[in-house]
Structure formats: C-alpha cells, structure tokens
Amino acid sequence: GYARGAVGSPTAAAEGGVWELFARASWIDLDDGAVRGGDAHNLSLGAVWYPMPRVRVMGNWIVANSERRGVPYDPSIFAVRLQYVY
C-alpha cells in the first residue's frame, strides 16, 4: 500500500507470512568527458519474507560485471538484512 508519501508492507493473509521475489538488471556508463569511469552491468535477484507484521527478512544476490580503463572488476555480493519497524 501507499499513503501519505509512505510505502507500506503487505499483511500476511495466511500462516507462513508473505513472500516477495524480485529481479533487476541495470547498466551504467560512468564516462563523462575527461573522466574515464568505465561502465558496469548488474544483475540482482532477491527475496523478502514478511513473517509477521512489522518484521521482514531480506536476501539479495548481486552479480556485477564492470570495467575501468581496461581493468575488469566483477564482484558477486550476497546481502541479508533483518528489519523491525516500530
């Protein structure tokens, strides 16, 4: 839901909570005039679990392919977050 400029969390209608899955692909060119910042391509996959009101557990996996001045840098990142809203 969305009200008064704030996005709300879904409410669980069944036991086991609510799941949210997402995927995102992005690309950015970091070159600008004399600044040679390179470019980056990212693929992000993740899931959010709302086990109860005011609690969510998030997991996100990001695979990046980037290059700056001919030097590749390709990290893989896995992030987990637990959030309680009071």
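The present account deals with the structure reproduced in this document. Computed from a prediction, not measured in an experiment: that's the story for all the values here.

**A word on the overall build of the protein chain**
Here's step 1: Scanning the protein chain for helices and strands turns up zero helices and seven strands.
Here's step 2: Listed by position from the N terminus, the elements making up the protein chain come as β-β-β-β-β-β-β.
Here's step 3: For 86 residues, the compact-globule estimate of 2.2 N^0.38 gives 12 Å, and the protein chain exceeds it by more than 25% at 18 Å.
Here's step 4: Referenced to the eigenvectors of the C-alpha coordinate spread, the extents of the protein chain come out at roughly 55 × 30 × 20 Å.
Here's step 5: In the protein chain, buried positions account for 16% of the 86 residues.
Here's step 6: For the protein chain, the proportion of contacts with a sequence separation of at least 24, taken over those separated by at least 6, is 38%.
Here's step 7: For the protein chain, the accessible area works out to roughly 6,900 Å², and carbon and sulfur atoms hold 60% of it.
Here's step 8: The protein chain carries 8 positive and 8 negative side-chain charges, and their two centres are separated by 11 Å.

**Some thoughts on the side chain of S44**
Here's step 1: As for its position among the elements, S44 is in strand β4 (residues 35-52).
Here's step 2: For S44, the side chain forms a polar contact with the side chain of N60, separated by 2.8 Å.
Here's step 3: In this structure S44 touches F22, A23, R24, N60, W61 and I62, once residues within four positions along its chain are discounted.

**Considering the side chain of S66**
Here's step 1: Within the secondary structure, S66 is located in strand β5 (residues 55-68).
Here's step 2: A polar side-chain atom of S66 sits 2.4 Å from the main-chain carbonyl oxygen of Y73.
Here's step 3: Those residues in contact with S66 that lie beyond four places of it in its chain are D39, A40, V71, P72, Y73 and D74.

**Overview of a nonpolar patch on the surface**
Here's step 1: A surface patch of nonpolar side chains, about 520 Å² in accessible area, is lined by L43, L45, W61, F78 and V80.
Here's step 2: Listing elements by their share of the nonpolar patch, those giving two or more residues are β4 and β7 (76-84).
Here's step 3: As for its position among the elements, L43 is in strand β4.

**Points about the pairing of strand β3 (residues 18-32)**
The side chains of a regular strand alternate between the sheet's two faces.
Here's step 1: Relative to β4, β3 runs antiparallel, the two sharing 14 bridges. Residue D32 lies in a different strand from β4, and its bridge partner there is V35.
Here's step 2: Counting the residues in the hairpin turn of β3 and β4 gives two residues, including G33, whose phi is positive at 60°.

About the cut-offs
Residues numbered from 1 in each chain as written. Predicted model: local features only at pLDDT ≥ 70, side-chain atom pairs only at ≥ 80, totals over all residues. Heavy atoms only, no water. Helix = DSSP H or I, 4+ residues; strand = E, 2+ residues; numbered from the N terminus. Rg over C-alpha atoms; globule rule 2.2 N^0.38 Å. Buried < 20%, exposed > 50% of the residue type's maximum accessible area, 1.4 Å probe, protein only. Contact = heavy atoms within 4.5 Å. Areas by Shrake-Rupley, 256 points an atom, 1.4 Å probe, with all protein chains shown as cover. Lys, Arg positive; Asp, Glu negative; His and termini not counted. Charge placed at Lys NZ, Arg CZ, Asp CG, Glu CD. Polar contact = N/O pair within 3.5 Å; in protein donor to acceptor, adjacent residues only side chain to side chain. Patch = residues over 30% accessible without salt bridge, like charges linked within 9 Å, V, L, I, M, F, W, Y side chains within 5 Å. Salt bridge = Lys/Arg side-chain N within 4 Å of Asp/Glu carboxyl O. Pairing = 2+ DSSP bridges.

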